[in-house]
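# Structural features, examined
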Amino acid sequence: MKHKKQLLPAGLIAVLVGISCIARAQVGVPEIFPFLKENTVLIKTAGGFNFDNDEYLDIIGIASLVDKKGQVVPRSSYLVHLEESIAKDFIVKWKYSIPEKLMADFVDVAVTDMDGDGLPEIVAVLNISDVGGSDQPAWLYSFEYTDGFPDVPTATIGQTSALITRPRPMFIHTGDWNGDNNPDIVVSSGGPGRSIIIVSANGQVSAKNFDIIYQAHNLPTLQGILSFRAMTANLDAASGEELVVFGGEGDLQVEVFGHENRAAILTHTIRGIKRQDVDLQRLVSADIDGDGFDEFVLPRKSGGALLIT
């Protein structure tokens, strides 16, 4: 029995060939971060790095969607690793979205090496408003770099018996508070249970090796409804860094704590500087005058900045 041959029109053949070529061309094509296109922006960065020792810049940050007014769309944030391309675009090398069903947003991110093994880790915190039936209600995430960042977290912290309530992180900071020559994570947590939490790695970074080595709740700097920020800084010749907290209700307050003695070393109110006039999100510490000890620069919303030595 003879089969009748069906011939395709030349135009249709050309279309099918074109589609096939496009499909093949898209395989392996890098994703370019849109930067303001597609309503996507970087809302926070942990800095610039060079993880693979090539000639291109790496950036770690938090990306999010924004609406037509430029406001961040709730629950649209995700972690991202970008690398500069030869065309000076930024290629999306890795990203991590909020776990399914979790009502939350990533609010801060840092790059550090908590266990001192020479492999950098992304550490990020989620502000969770509702666990929403999620089977992964963790609020702190760590991703260790080994020829790239992993698809699943290297370690997480969720609700533990060491915590009275689930943290609502606002800021994180990295610094060696306990003097073991490895960075600790300082978490400034808002919400009903306003607190400071310091996390340390007791060995190689993993969930079982994460220890909460310090918590504070009822400090003067934590009172009120305005945000506060805790960080470590080198203020004296003792081993480890000091814990410094900026906050308060009226005038700006500062408290300093050492590792050995958990009592406050210093409690000070800066008269005439209103807490609400200080932009704690842009607060930085550095050894500005080269004397081996850190100073603080606090930008003011009304203009200028405050230098604390």
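Remember, predicted model here, so these are calculated numbers, not experimental data. Residues take numbers from 1 onward in each chain, read along the sequence in its written order. Where local features are concerned, this predicted model is filtered to residues with pLDDT of at least 70; where side-chain atom pairs are given and counted, the filter is 80 or more; whole-chain, interface and lining totals use all residues. Neither water nor hydrogens contribute to the side-chain values; these are computed over all heavy atoms in the structure.

## Observations concerning the sheet that holds strand 9 (residues 169–175)
- Reading across the sheet, the four strands line up as 9-10-11-12 and stay open at both edges, with antiparallel pairing between neighbours. Only two strands of the sheet have a single partner each, and these edge strands are strand 9 and strand 12 (210–216). Neighbouring strand axes in the sheet, compared pairwise and without regard to direction, differ in orientation by 20° on average.
- As paired strands, strand 11 (residues 195–201) and strand 12 are joined by six bridges and run antiparallel to one another. Note on strand 12: the bridge partner recorded for serine 200 is aspartate 211. Any two strands between which DSSP finds at least two bridges are classified as paired. Starting at the N terminus, helices and strands are each numbered in turn, a helix being any DSSP run of H or I of at least four residues and a strand any DSSP run of E of at least two. In this analysis, axes come from line fits to C-alpha atoms, helices being fitted only over the stretch in contact, and the angle between any two N-to-C directions falls in the range 0 to 180 degrees.

## As for empty space enclosed by the protein
- Any residue with an atom within 4 Å of a point lines the site, the site being either a cavity, points on a 1 Å grid over the protein atoms alone where a 1.4 Å probe fits but cannot get out, or a pocket, an open set with protein on both sides within 12 Å along at least 5 of 7 lines. Grid points are joined across faces, edges and corners, and a volume is the space filled by probe spheres set on the points. Within the structure shown, the criterion is met by one cavity of 30 Å³ or more.
- Within this model, the largest cavity holds a volume of roughly 60 Å³.
- Forming the boundary of the largest cavity are Leu163, Ile164, Thr165, Arg166, Pro167, Ser189, Gly193, Ser195, Ile197, Gln215 and His217.
- In this count, Pro and Cys sit with the nonpolar residues alongside Ala, Val, Leu, Ile, Met, Phe, Trp and Tyr, while Asp, Glu, Lys and Arg are called charged and the others, Gly among them, polar. Classifying every residue of the lining of the largest cavity by side-chain character gives four nonpolar, six polar and one charged.

## Digging into the side chain of threonine 40
- When you line up the elements, threonine 40 lands in strand 1 (residues 40–49).
- Relative accessibility decides the category of a residue: with a 1.4 Å probe and only protein chains considered, values under 20% of the type maximum give buried, values over 50% give exposed, and everything between is partly exposed. Classification of threonine 40 as buried rests on a relative accessible area of 6%.
- Among residues more than four places away in sequence, those in contact with threonine 40 are Phe33, Pro34, Phe35, Ser64, Leu65 and Tyr78. It only takes one pair of heavy atoms within 4.5 Å for two residues to be counted as in contact.

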